[in-house]
Amino acid sequence: MTDMKRFDPGAQNDWIFDAVARDGGAIVEGVLNRGFLQALRDELASSINDAEPGSRSGSDRIEGFHGANTKRICSLARRSPAFVDLMLHPLLLAFADRFLLPACRDYWLNTGQLMIVGPGEPAQRLHRDEGNWPYQPWPGPDVTVSSMWALSDFSAEVGATRVVPGSHQWTDGDRDADDGDAVQAVMPAGSVLLYSGKVKHGAGANRTADTWRWGLHVSYVVGWLRPEENHNMAVPIEIARRLPERAQALLGYTSYVPDNGGRLGLVEFEDAALVTRGTKAAGLEG
Ligand SMILES: O=C(O)CCC(=O)C(=O)O
């Protein structure tokens, strides 16, 4: 079975992205240094300590998908300046540019999510991130791309993400993947798995007795689809106003102007950026 290609941070972006286009995913090792990893962990420590494992959506399907012994934390741009730097990382933006701009004028952050998989957690169901939206273009352009950052070492035992190479090109969108088709993104802390929104993947089983797998998922979606996370509620405007303009745009604090002449995400028929930057009142007072 094909494994995913591995690169070091000196690799040219095109080599990395060509590998994602061919295999569905690729690994870049050693992108983040220890200081940055520590800053992320420190800034998110209290949220992580306060979080209970598992989710309480009331749906067995979603709770099973999230994992009973996995901690998931979002709203990260509100909680962590280091996360804001990460969502603006040149490698991630170049990745999103390459795969998403053919289908849109700009894209959003889809979600930033800590996925901390606890001891004894079984493997997650293999799925496609594109499955968030109905009517996926199949086959067709990419509408979402994802990354999984290893904040701790990702070994096979601790639950490194599983990926089914080539599944992003399966012409039968309903075809199920066999667990045996998956390879694991084993990688040292500070590395990243970049993957297509069309590739089948899922968290691996954590077969350790006492080690948590610290993963950070960062994904992007074309500007004309609704993201998984509601950033405008997760990151209040007072906080968004202090962020770089590119971060504001990724969080939906600007409007989207498609090529066909329409406009999306307006406030009182104006670009939301005018309200974000304080040059126009929201117009919601009366
Ligand atoms: O935690 C992982 O390795 C992948 C998780 C994932 O794909 C998801 O929850 O959507």
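Because the structure is predicted, anything quoted here is derived from the model rather than measured. The numbering scheme is per chain: residues are counted from 1 as the chain's sequence reads. Predicted model: local features are reported for residues with pLDDT of at least 70 only, side-chain atom pairs are reported and counted for 80 or more only, and whole-chain, interface and lining totals are derived from all residues. Water and hydrogen atoms play no part in the side-chain values, which are based on all heavy atoms of the structure.

**A look at the site of the ligand**
When we say a residue is near a molecule or strand, we mean one of its heavy atoms is within 4 Å of it. Around the ligand sit Phe65, Arg72, Met115, Gln124, His127, Met148, Thr161, His201, Ala203 and Arg213, and those are all the residues in its vicinity. Within 3.5 Å is the distance limit for a polar contact, defined as a pair of N or O atoms, with the added protein rule that one can donate a hydrogen and the other accept it, and that residues adjacent in sequence qualify only through two side-chain atoms. Contacts to the ligand include Arg72, whose side-chain N or O atom sits 2.9 Å from an oxygen atom. Here the ligand loses 95% of its free accessible area of 290 Å² to cover by the protein chains. When atoms are counted within 2 Å of each cavity's grid points, the one that captures over half of the ligand is the largest pocket. Here the open area of atoms and residues is found with the Shrake-Rupley method and a 1.4 Å probe, where only the protein chains shown may cover a residue. Here the term cavity refers to a set of points on a 1 Å grid, laid over the protein atoms alone, in which a 1.4 Å probe fits but cannot get out; the term pocket refers to an open set having protein on both sides within 12 Å along at least five of seven lines, with lining residues being those that place an atom within 4 Å of a point. Each molecule is checked against the cavity or pocket grid, and it sits inside if more than half of its atoms lie within 2 Å of the grid points.

**Some thoughts on the nonpolar core**
As a rule of thumb, soluble globular proteins bury nonpolar side chains together. Only buried residues count toward a nonpolar core, which is a set of Ala, Val, Leu, Ile, Met, Phe, Trp, Tyr and Cys residues joined through side-chain atoms within 4.5 Å. Any residue under 20% of the maximum accessible area for its type is buried, any over 50% is exposed, and the rest in between are partly exposed; the area is computed with a 1.4 Å probe on protein chains only. Among the nonpolar cores identified, the biggest contains 59 residues, and Leu194, Leu216, Val218 and Tyr220 are the most heavily contacted of them. In this text, helices come from DSSP runs of H or I with a minimum length of four residues, and strands from runs of E with a minimum of two, each type numbered from the N-terminal end. With 8 residues, helix H6 (residues 90-100) is the largest single contributor of residues to this core. Non-local contacts of Val218, meaning those with residues more than four positions away in its chain, are made with Phe83, Leu86, Met87, Leu92, Leu109, Thr111, Val145, Ser146, Ser147 and Trp149. In this structure, Met148, Ala150, Val183 and Tyr195 belong to the second largest nonpolar core, which totals 14 residues. We call two residues contacting when some pair of their heavy atoms lies within 4.5 Å.

**Looking at empty space enclosed by the protein**
Grid points are joined across faces, edges and corners, and a volume is the space filled by probe spheres set on the points. Counted by the stated rule, this structure contains 1 cavity of 30 Å³ or more. Of the volumes computed, that of the largest cavity is approximately 50 Å³. The wall of the largest cavity is formed by Ser75, Leu76, Ala77, Phe83, Leu109, Gly112, Glu229, His231, Ala234, Val235 and Leu251. Those elements giving two or more residues to the lining of the largest cavity turn out to be helix H4 (76-79), strand E4 (107-117) and helix H7 (231-234). When residues are grouped by polarity, Ala, Val, Leu, Ile, Met, Phe, Trp, Tyr, Cys and Pro land in nonpolar, Asp, Glu, Lys and Arg in charged, and all others, Gly among them, in polar. Per-class residue counts for the lining of the largest cavity are 7 nonpolar, 3 polar and 1 charged.

**What to know about the layout of surface pockets**
Estimates place the volume of the largest pocket at around 940 Å³. Phe65, Arg125, His127, Arg128 and Asp129 are, among the 45 residues lining the largest pocket, the residues nearest its centre. The element contributing the most residues to the lining of the largest pocket is helix H3 (residues 60-66), with 6 residues. When the residues that make up the lining of the largest pocket are grouped by side-chain class, the tally is 12 nonpolar, 21 polar and 12 charged. As a volume, the second largest pocket reaches approximately 580 Å³.

**A few points about unusual backbone geometry**
A positive phi is found at Ser75, a non-glycine position, where the angle reads about 55°. Assignment of secondary structure puts Ser75 in the loop between strand E3 (70-73) and H4. Not every positive phi belongs to a glycine, and Glu268 is a case in point at roughly 50°. Position of Glu268 among the secondary structure elements: in the loop between helix H9 (245-250) and helix H10 (272-276).

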